[in-house]
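Coordinate analysis (summary)
Okay, here's what each chain looks like letter by letter:
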Amino acid sequence: MPDMTKTAPEAEAIEDALAPPAVKAEKARSLWGDAWADLRRNPYFVVSSVLILVLLVIAAFPGWFTSASPTTGDLVHHYLGKPELSKVGSAEWLGYDVQGRSVYARLIHGTRASIIVGISVTLLVTVIGGLIGMIAGYFGGWIDALLSGFITNVFFGIPFLLGSMVVLQSFTSRSVWVVSLALAFLGWTQIARVMRGAVLTIKQADYVHAAKALGASTSRILFRHILPNAMAPVIVVATISLGVFISAEATLSYLGLGLSSPAISWGVDISGGIAQIRTAQHIMLYPSIMLSITVLAFIMLGEAVRNALDPKMR
Amino acid sequence: MGRYVIRRLLQMIPVFFGATLLIFLMVNVMGDPIAGLCGDKACDPATAAQLKKEFGLDKPVWQQYLTYMGNVFTGDFGTAFNGQKVTELMSAAFPVTIRLTIVAILFEIVIGISLGVVTGLRRGRPVDTVVLMLTLIVIAIPVFVTGLLLQLLLGVEWGVIRPTVSPEAPFNELLIPGLVLASVSLAYVTRLTRTSIAENSRADYVRTAVAKGLPRRRVITKHLLRNSLIPVVTFIGTDVGALMGGAIVTERIFNIHGVGYQLYQGILRQSTQTVVGFVTVLVLVFLVANLIVDLLYAVLDPRIRYA
């Protein structure tokens with residue numbers, strides 16, 4: 001923070017030299033250190049983080065897992081042909097879809113879209129919701145009434161899925177970025193509420209009063225003292241939301257308002273396979289399983305982190 | 001109490017107008033309100049100009065919003081793309097969705113709370129672990145996948161239920177759709193009840209009740225449950241609005257002609273009046289449900305008194 005050091009260098013030097021930082025650092029270490037020790041022993045955490053790592057690798061390097069093309073179909077491979085479950089990892093492993101494209105190849109190549117939507121929506125809502133919640137909680141008064149009492153409640157009042165559909169309807173071609181923006185548009189309210197709640201408690205803490213008394217600037221108090229201590233509940237909600245947003249993208253695709261066709265995603269494949277649900281269930285079943293496992297991994301991770309950070313659960 | 005209700009009602013007013021203005025702007029600014037009137041083709045410029053003038057769309061947006069809201073308060077929600085009154089669509093759609101929501105809420109209360117109590121009282125036992133894992137799986141599987149699979153298995157393969165719901169949508173045909181709609185919330189209610197019960201079961205008043213020699217059943221129902229249900233009631237109350245708005249997926253799967261169906265048609269056909277009208281009512285339902293939940297607090301917890 002270079003500009004702030006210029007504004008009040010002495011006050012900050014005193015502040016750094018005096019009690020709070022040392023005590024704070026130790027306290028912070030113990031909370032996160034404790035949580036980490038707890039997490040390593042939690043099977044839910046281990047399983048979900050391994051799953052997520054594998055998914056990230058698949059999303060980054062789909063070519064490592066299949067050589068079949070997800071976009072070129074050959075009608076020689078009829079979709080009614082049963083999947084050859086013994087040929088693990090080959091193009092015909094999970095069968096073919098109506099266009100004769102390998103379901104397995106599309107499964108692997110569709111990972112990236114879901115992961116990108118999940119991560120980018122989560123980053124967007126954490127930044128937007130986090131800022132709004134932090135400002136509302138810290139300043140209180142009419143700013144809180146406006147940001148939390150009015151704006152957050154207004155965006156929260158509109159049903160999430162419906163609002164996203166209305167936004168997406170106006171786009172004829174929908175890329176992952178368009179879908180992410182549409183989901184973030186109404187999706188930030190929960191983080192804002194959680195952040196506001198955390199800030200309301202933390203701003204009463206002694207180290208915040210001390211920093212104020214020493215003349216620290218508002219932005220320094222917010223970003224050095226309040227933000228790091230308010231992050232725990234936000235991280236938990238953000239992790240769980242990541243799974244929920246991935247699921248929302250697939251739901252929008254099912255409703256015909258998610259990613260549009262040249263894009264490869266599980267949601268697109270599931271909605272495409274519904275027409276064949278009576279004759280060739282494998283077309284929609286495998287993307288559904290993959291999607292559910294991914295969502296489950298993020299929700300499990302969030303739950304594990306919550307239990308580790310919440311001393312009441314011990 | 002009366003004062004509190006009035007204060008809450010006053011707080012609701014700006015949120016109501018804000019939310020309706022937001023959806024009005026989203027539909028009118030991002031979409032093209034007359035696009036739906038010419039079928040799948042685009043309107044020719046002369047017709048478009050004529051239509052815009054007819055509907056007052058050549059005026060500034062804030063003026064359009066005020067006119068619309070003025071009409072809404074006299075009970076005129078405008079007409080849908082096919083010339084039907086939006087109020088007519090509403091009177092056909094809302095009873096169906098309300099029935100569906102009632103079924104869903106009943107599932108949440110009966111199954112969710114019972115499972116929550118059972119697991120909360122047996123924390124760490126096999127029942128608890130299995131139910132917790134199941135709730136996570138239910139939350140993780142998207143509702144449309146659950147719905148389609150249940151429809152395929154129960155409706156098509158085994159013939160236990162009708163795969164699609166008839167236009168009258170009586171309660172007995174809405175059982176499985178209601179369960180599908182409730183599924184994710186059901187899992188949340190279970191988890192919430194479990195946590196709440198587990199926290200409160202170590203409270204002093206429970207120990208006192210047990211020490212007094214009250215039968216276990218009475219301790220659980222009269223002392224433990226009444227205190228533990230407060231967060232659950234909040235969740236279920238706020239969920240009413242979410243369920244009615246989220247019914248769009250369930251209604252599409254089982255071909256139920258309710259609010260979700262009308263909204264889906266409205267959004268796809270760019271029928272501005274339908275979308276804004278239905279969402280306005282949903283926002284109202286959401287706000288009123290929240291108010292009722294807050295008032296229920298005082299009933300459930302005598303320690304809370306509103307001045």
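Parameters and conventions
- Residues numbered from 1 in each chain as written.
- Chains lettered and ligands numbered in written order.
- Predicted model: local features only at pLDDT ≥ 70, side-chain atom pairs only at ≥ 80, totals over all residues.
- Heavy atoms only, no water.
- Helix = DSSP H or I, 4+ residues; strand = E, 2+ residues; numbered from the N terminus.
- Buried < 20%, exposed > 50% of the residue type's maximum accessible area, 1.4 Å probe, protein only.
- Contact = heavy atoms within 4.5 Å.
- Lys, Arg positive; Asp, Glu negative; His and termini not counted.
- Charge placed at Lys NZ, Arg CZ, Asp CG, Glu CD.
- Areas by Shrake-Rupley, 256 points an atom, 1.4 Å probe, with all protein chains shown as cover.
- UniProt positions renumbered as here; feature names shortened; annotations may be inferred.
- Salt bridge = Lys/Arg side-chain N within 4 Å of Asp/Glu carboxyl O.
- Phe/Tyr/Trp six-rings, centres within 6.5 Å; stacked < 30°, edge-to-face > 60°.
- Domains from an automatic or database assignment.
- Buried area = accessible area lost by both parts, 1.4 Å probe.
- Polar contact = N/O pair within 3.5 Å; in protein donor to acceptor, adjacent residues only side chain to side chain.
- Expected span 1.5 Å × (residues − 1).
- Patch = residues over 30% accessible without salt bridge, like charges linked within 9 Å, V, L, I, M, F, W, Y side chains within 5 Å.
- Core = buried A, V, L, I, M, F, W, Y, C linked by side-chain atoms within 4.5 Å.

Here we come to the overall build of chain B. Helix and strand counts for chain B come out as 11 helices and zero strands. Going residue by residue from the N terminus, the α and β elements of chain B occur as α-α-α-α-α-α-α-α-α-α-α. With the principal axes as the frame, chain B shows a C-alpha extent of 85 × 55 × 30 Å. Among the 307 residues that make up chain B, the fraction classed as buried is 47%. Excluding contacts between residues fewer than 6 apart, the proportion of contacts in chain B whose partners are at least 24 apart in sequence is 75%. Positive and negative side-chain charges of chain B, numbering 27 and 18 respectively, have mean locations separated by a distance of 15 Å.

Turning next to the overall build of chain A. When its secondary structure is counted, chain A shows 13 helices and zero strands. N-terminal to C-terminal, the α/β element order of chain A is α-α-α-α-α-α-α-α-α-α-α-α-α. Burial status across chain A gives 51% buried among its 314 residues. The contacts in chain A between residues at least 6 apart in sequence include a share of 74% that link residues at least 24 apart. For chain A, the computed accessible surface area is about 14,100 Å², with 67% contributed by carbon and sulfur atoms.

Let us now look at the UniProt feature "domain: ABC transmembrane type-1" (unreviewed entry) in chain A. The sites that UniProt annotates as "domain: ABC transmembrane type-1" (unreviewed entry) are residues 111–302 of chain A. Counting secondary structure, residues 111–302 of chain A comes out at 81% helix and 0% strand; the distance between its end C-alpha atoms is 20 Å.

Turning next to the pattern of salt bridges. Residue and element names in this part refer to chain B. Across all of its chains, the model carries seven salt bridges over all chains by this definition. Aspartate 204 is the salt-bridge partner of arginine 207, the closest N and O atoms lying 3.4 Å from each other. Highlighted residues: arginine 207 and aspartate 204, both in helix α8 (residues 204–211), separated by three residues, approximately one helical turn. Accessibility classification places arginine 207 together with aspartate 204 in one group, the exposed group.

Applying the stated criterion to the full structure yields 14 aromatic pairs over all chains. Measuring from ring centre to ring centre gives 6.1 Å for tyrosine 188 of chain B and phenylalanine 235 of chain B, while their planes differ by 50°; the resulting arrangement is tilted. With tyrosine 188 of chain B in helix α7 (residues 175–200) and phenylalanine 235 of chain B in helix α9 (residues 216–253), this pair connects stretches of sequence that are 47 residues apart. Each residue in the set Phe155, Phe185 and Trp188 of chain A is aromatic and connected to the rest through ring pairs, giving one cluster.

Residue and element names in this part refer to chain B. What the domain assignment lists for chain B is domain 1 (2–72) and domain 2 (90–300). Of note, the centres of domain 1 and domain 2, computed from C-alpha atoms alone, are 32 Å apart. Taken together, the contact pairs 21 residues of domain 1 with 17 residues of domain 2. Roughly 1,600 Å² of surface becomes buried between domain 1 and domain 2 when both sides are summed, with 73% attributable to carbon and sulfur atoms. If you sort the residues of domain 1 by the area they bury against domain 2, Met12, Phe16 and Tyr68 come out on top, with a joint share of 31%. Connecting domain 1 to domain 2 are one salt bridge. Note that aspartate 294 is salt-bridged to arginine 8, the shortest N-O span being 2.1 Å. Between the two partners, domain 1 and domain 2, sit two residue pairs in polar contact (both at pLDDT 80 or more). Looking at the side of domain 1 that touches domain 2, the elements with two or more residues in it are α1 (2–30) and α3 (61–73).

Mapped onto this numbering, the UniProt entry annotates "domain: ABC transmembrane type-1" (unreviewed entry) at residues 94–297 of chain B. Overall, residues 94–297 of chain B shows 81% helix and 0% strand. The separation of its end C-alpha atoms is 28 Å.

This part is about the side chain of glutamine 169 of chain A. As for its placement among the helices and strands, glutamine 169 of chain A is situated in helix α7 (residues 160–169). When residues no more than four places from it in sequence are discounted, the contact partners of glutamine 169 of chain A are Leu257 of chain A together with Ile267, Leu268 and Gln270 of chain B.

All right, on to helix α6 (residues 141–157) of chain A then. Because an α-helix completes one turn every 3.6 residues, residues spaced three or four positions apart along the sequence face the same direction. Counted at 1.5 Å a residue, the expected span for α6 of chain A with its 17 residues is 24 Å, and the 22 Å between its end C-alpha atoms agrees. Buried within α6 of chain A we find Asp144, Leu147, Ser148, Thr152, Val154, Phe155 and Gly157 of chain A.

All right, on to the UniProt feature "transmembrane region" (unreviewed entry) in chain B then. Residue and element names in this part refer to chain B. Under the present numbering, the feature "transmembrane region" (unreviewed entry) in UniProt falls on residues 12–31, 96–118, 130–154, 174–192, 224–249 and 275–300. Across residues 130–154, helical content stands at 92% and strand content at 0%; the span's end C-alpha atoms are separated by 24 Å. Regarding residues 275–300, the helix share stands at 100% and the strand share at 0%, and the terminal C-alpha atoms are separated by 37 Å.

So, on to the interface of chain A and chain B. Between chain A and chain B, the contact holds 42 residues from the first and 43 residues from the second. Both sides together, the interface formed by chain A and chain B hides about 3,800 Å², and carbon and sulfur atoms give 78% of it. Three residues stand out in chain A for area buried against chain B, namely Leu162, Val166 and Tyr254 of chain A, and they jointly supply 16% of the buried area on that side. Put simply, chain A and chain B have one salt bridge between them. Where arginine 191 of chain B meets glutamate 303 of chain A, a salt bridge forms, and the shortest distance between an N and an O atom there is 2.9 Å. Linking chain A to chain B there are two residue pairs in polar contact (both at pLDDT 80 or more). For the side of chain A that touches chain B, the element with the highest residue contribution is helix α13 (residues 282–309) of chain A, accounting for nine residues.

The next thing to look at is a nonpolar patch on the surface. Residue and element names in this part refer to chain A. Residues Val47, Leu51, Leu285, Ile289 and Ile293 make up a contiguous nonpolar surface patch of roughly 350 Å² in combined accessible area. For the nonpolar patch, the secondary-structure elements that each account for two or more residues are α4 (43–60) and α13. The element contributing the most residues to the nonpolar patch is α13, with three residues. Mapped onto the fold, isoleucine 289 is located in helix α13. Note on isoleucine 289: relative accessible area 39%, which makes it partly exposed.

All names here are of chain A. Here, UniProt's "transmembrane region" (unreviewed entry) annotation points to residues 44–65, 115–139, 146–168, 174–194, 226–246 and 283–305. Structurally, residues 44–65 is divided into 77% helix and 0% strand, and its ends, taken at the C-alpha atoms, are 26 Å apart. The span residues 146–168 is 91% helix and 0% strand, and its two end C-alpha atoms sit 28 Å from each other.

A few words now on a positive patch on the surface. Residues Lys212, Arg218, Lys222 and Arg226 of chain B make up a contiguous surface patch of positive charge. Judged by its relative accessible area of 52%, lysine 222 of chain B falls in the exposed class.

Another point: the nonpolar core. Across soluble globular proteins, nonpolar side chains have a tendency to be buried as a group. The biggest cluster of nonpolar side chains holds 165 residues, and the ones touching the most others in it are Phe144, Ile248, Leu263 and Phe278 of chain B. Here this core takes 17 residues from helix α11 (residues 218–254) of chain A, the largest share from any one element. For phenylalanine 144 of chain B, the contacting residues outside a window of four places in its chain are Ala250, Thr251, Tyr254 and Ile270 of chain A together with Val249 and Ile253 of chain B. Core analysis: the second largest hydrophobic core is formed by five residues, Cys43, Ala48, Leu51 and Leu57 of chain B among them.

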